[in-house]
Amino acid sequence: MERLYPSLTVSLPKLRENTRQIVERCRRYGVSVCGVVKGCNALAPVARAMLQGGAASLGSSRLEQFEALRADGVSAPFTLLRVAAPSEAEAVTELCDTSLQSEWDTLLRLEEICARKGRTHSVIIMADLGDLREGFWEQDELVEVCLRVENKLPHVRLLGIGVNLGCVGSVQPTVEKMNDLLALARRVESAVGRKLEVISGGATSSYPLIHNGTMPRGINHLRIGENILLGKDLQIDWHIEDMDYLAMDTFTLTAEVIEVKTKPSYPQGQLCIDAFGRKPHYVDEGIRRRALLALGRADAGEVESLLPRDGGVRIWGASSDHCVLDVTHSAREIRVGDTVDFSLSYGNLLYLTEKNDIRIVYEEE
Ligand SMILES: *Cc1c(COP(=O)(O)O)cnc(C)c1O
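A quick note: this is a predicted structure, and the numbers were derived from the prediction, not measured.

Draft legend 1. Up close: the site of the ligand. Near the ligand you find 13 residues, and of these K38, T204, R223, G225 and E226 are the closest. Separating an oxygen atom of the ligand from a backbone N or O atom of G225 is a distance of 2.8 Å. Expressed as a share of its isolated accessible area of 390 Å², the protein-covered part of the ligand is 89%. When the residues that make up the shell around the ligand are grouped by side-chain class, the tally is five nonpolar, three polar and five charged.

Structure representation (structure tokens):
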């Protein structure tokens, strides 16, 4: 059965333009952009839009996405962003050109596979500068491993080093952190006796340094997903107000109204827990006009993080298959059978595109 709603409308011109805006600003600092497509399950038209907007390569954490892109005829240098699992080493050498690495044993395995197949594979060795996810914590060890890759692994090419910040440990990418990475790169360069091609300064969370003009010279690569796809985290969560050259309405989720009623805003009866074992906090705002949507967590994940396009509409609550809106102050009168539009947060985009029962519509103009 084909469902009309919920549907996801993708504006390809806006995605191209977001990419172009970011790529152009990065270029002024000598920084090339890897367009990261994992947030939208690597939808091929989105990947193409990033390339048309000037992304130099495409990045994802998942090899299956490169396989699908290739099957769709998208050709670009592919960079694997999640440190390769030993069990996928063979696939790594087949499906991507470059990968981020942090374990000597995996590098050795890549060498064996590449030697057997007569291929080469490029690697960016990751440093952990405090965010405490992937990467070498001991800088001496990182320098030593880079040197060994350079001298002992003829089929594994040391492309450079990189860092990831602002993820698991929520550490802010600062000028100091970038300078730490540059100092480490200089140590690697003097050990191997040549310049590194890539010094990769992070993801969307490092982009503010480009935006505000403080990115230190020498950082020459960023891996950017969210800021191209949604442009929301920095503008809304980081409160960066003059980044309005990036569109936040690149993706539109449209859901259908299945009930509209006037009801109290405070649940009636003895309160225990909701469908997900939580105890939400309710505020008694009296009698409200409410609309029920045929949309829930099963479709969009954390429904509360959706951004209603109509500023008067508020998300009141949600379960697996329902979302309750407060439409008391909506700009238009909302009726059963009407649709309501939302912009997305990253988690919503991730859920909606992982599923194959959401109708996706691509807009060219
Ligand atoms: C996901 C990821 C990125 C892109 O992150 P955004 O916040 O979407 O820009 C960059 N680098 C690594 C290692 C990642 O895992």
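Draft legend 2. Structural context of the environment of L222. On the secondary structure map, L222 appears in strand 9 (residues 221–224). For L222, a relative accessible area of 0% puts it in the buried group. Distance from L222 to S200, taken between C-alpha atoms, is 5.5 Å for residues 22 residues apart in sequence. Sequence-distant contacts of L222, that is, excluding residues within four places in its chain, are made with C26, V31, S32, V33, C34, G201, G202, S206, Y207, I210 and M215.

Draft legend 3. Summary view of unusual backbone geometry. Here the bond from Y5 into P6 is cis, since omega is 0°, no more than 30 degrees from zero. As for its position among the elements, P6 is in the segment before strand 1 (7–11). The phi torsion at A42 lies on the positive side, around 50°, for a residue other than glycine. Of note, A42 is situated in the loop between strand 2 (32–36) and helix 2 (44–52). Although it is not a glycine, L132 adopts a positive phi angle of roughly 65°. Looking at where L132 falls in the secondary structure, it is placed in the loop between strand 6 (121–127) and helix 6 (139–152).

Draft legend 4. Representation of the domain arrangement of the chain in the model. Here the chain is partitioned into domain 1 (12–236) and domain 2 (251–363). Together, the buried faces of domain 1 and domain 2 total about 1300 Å²; carbon and sulfur atoms form 68% of this surface. It is G39, L43 and L230 that lose the most area in domain 1 upon contact with domain 2, and together they represent 37% of the buried surface on that side. Between the two partners, domain 1 and domain 2, sit zero salt bridges.

Draft legend 5. Representation of the packing of aromatic side chains. In the structure shown here, the tally under the stated rule is three aromatic pairs. Their ring planes at 15° and their centres at 4.7 Å tell us that F66 and F78 sit as a pair that is stacked. Residue F66 is found in helix 3 (residues 63–71), and its partner F78 is found in strand 4 (residues 78–80); the two are separated by twelve residues along the sequence. Residue classification places F78 among the buried positions, given a relative accessible area of 2%. With centroids separated by 5.7 Å and ring planes inclined at 35°, the aromatic side chains of Y282 and W316 adopt a geometry described as tilted. Here W316 lies in strand 13 (residues 314–318) and Y282 lies in the loop between strand 10 (251–264) and strand 11 (287–293), a separation of 34 residues in the sequence. Judged by its relative accessible area of 30%, W316 is partly exposed. Chaining the aromatic ring pairs together yields one cluster made of Y266, Y282 and W316. In this arrangement the basic side chain of R25 is found over the ring face of Y245, its NZ or CZ atom lying 3.5 Å from the centre. Seen from the ring of F276, R297 lies directly overhead, with NZ or CZ sitting 4.9 Å from the centre.

Draft legend 6. Expanded view of the pattern of salt bridges. On inspection of all chains with the given rule, the structure shows 27 salt bridges. Where R3 meets D357, a salt bridge forms, and the shortest distance between an N and an O atom there is 3.3 Å. Of the two residues, R3 sits in the segment before strand 1 while D357 sits in the loop between helix 12 (346–354) and strand 16 (359–363), which places them 354 residues apart along the sequence. Given a relative accessible area of 34%, D357 falls into the partly exposed group. Among the ionic pairs, K14 bridges to D249, the shortest N-O distance being 3.2 Å. On the criterion of sequence distance, the pair formed by K14 in helix 1 (residues 12–27) and D249 in the loop between helix 10 (233–237) and strand 10 is long-range, its members being 235 residues apart. Residues joined by salt bridges that share partners form a network here, namely R3, D299, K355 and D357.

Draft legend 7. Structural detail: the nonpolar core. Formed by 101 residues in total, the largest nonpolar core has its most connected members in L69, I161, F251 and L325. Here this core gets seven residues from one element, more than from any other, and that element is helix 7 (residues 175–192). Lining this core are residues from two domains, each supplying at least three of them: domain 1 (12–236) and domain 2 (251–363). The contacts of L325, once residues within four sequence positions are left out, are R289, R290, A291, L293, V313, R314, I315, W316, V340 and F342.

Draft legend 8. Region of the structure containing the packing of helix 1 against helix 2. Taken N-terminus to C-terminus, the directions of helix 1 and helix 2 make an angle of 40°; their axes are 7 Å apart at the nearest point. Compared by their axis directions, helix 1 and helix 2 come out oblique. Note on packing geometry: the crossing formed by helix 1 with helix 2 is right-handed. Of the residues in helix 2, those in contact with L12, L15, R16 and T19 of helix 1 are P45, V46, A49, M50 and Q52. When the residues that make up the contact of helix 1 with helix 2 are grouped by side-chain class, the tally is six nonpolar, two polar and one charged.

The rules behind the values
- Note that residues are indexed from 1 along each chain, following the sequence as it is written.
- It should be noted that, the model being predicted, local features are given only for residues of pLDDT at least 70 and side-chain atom pairs only at 80 or more, the latter also being counted only at that level, while totals for whole chains, interfaces and linings use all residues.
- Heavy atoms throughout the structure, all of them, feed into the side-chain values; hydrogens and water do not.
- Any residue with a non-hydrogen atom lying within 4 Å of a molecule or strand is treated as near it.
- Within 3.5 Å is the distance limit for a polar contact, defined as a pair of N or O atoms, with the added protein rule that one can donate a hydrogen and the other accept it, and that residues adjacent in sequence qualify only through two side-chain atoms.
- Accessible areas in this description were obtained via Shrake-Rupley with a 1.4 Å probe; residue shielding takes into account the shown protein chains only.
- Residue polarity follows a fixed list, in which Ala, Val, Leu, Ile, Met, Phe, Trp, Tyr, Cys and Pro are nonpolar, Asp, Glu, Lys and Arg are charged, and the others, Gly among them, are polar.
- Only DSSP runs of H or I covering at least 4 residues are called helices, and only runs of E covering at least 2 are called strands; the numbering of each starts at the N terminus.
- Three exposure classes are used, based on accessible area relative to the maximum for each residue type with a 1.4 Å probe and protein chains only: buried under 20%, partly exposed in between, and exposed over 50%.
- In this description, contact between two residues means that some pair of their heavy atoms is separated by no more than 4.5 Å.
- In this entry, domain limits derive from an automatic or database-based domain assignment.
- Buried area: the sum, over both parts, of the accessible surface (1.4 Å probe) that disappears when the two are put together.
- A pairing counts as a salt bridge when a side-chain nitrogen of Lys or Arg comes within 4 Å of a carboxyl oxygen of Asp or Glu.
- Here a pair means two rings of Phe, Tyr or Trp (six-membered ring of Trp) with centres within 6.5 Å. Their orientation is stacked below 30 degrees between planes, edge-to-face above 60, and tilted elsewhere.
- A positively charged side chain is recorded as over a ring if its NZ (Lys) or CZ (Arg) lies within 6 Å of the ring centre. The angle to the ring normal must also be within 35 degrees.
- Residues grouped as a nonpolar core are buried Ala, Val, Leu, Ile, Met, Phe, Trp, Tyr and Cys residues, joined through side-chain atoms within 4.5 Å.
- Axis definition: a line fitted to C-alpha atoms, limited for helices to the stretch in contact. Angles are taken between N-to-C directions and run from 0 to 180 degrees.
- Our angle categories are set so that under 35 degrees counts as roughly parallel, over 145 as roughly antiparallel, 65 to 115 as roughly perpendicular, and the remainder as oblique.
- Crossings are assigned a handedness: left-handed for a near helix turned anticlockwise from the far helix by less than a right angle, right-handed for a clockwise turn.

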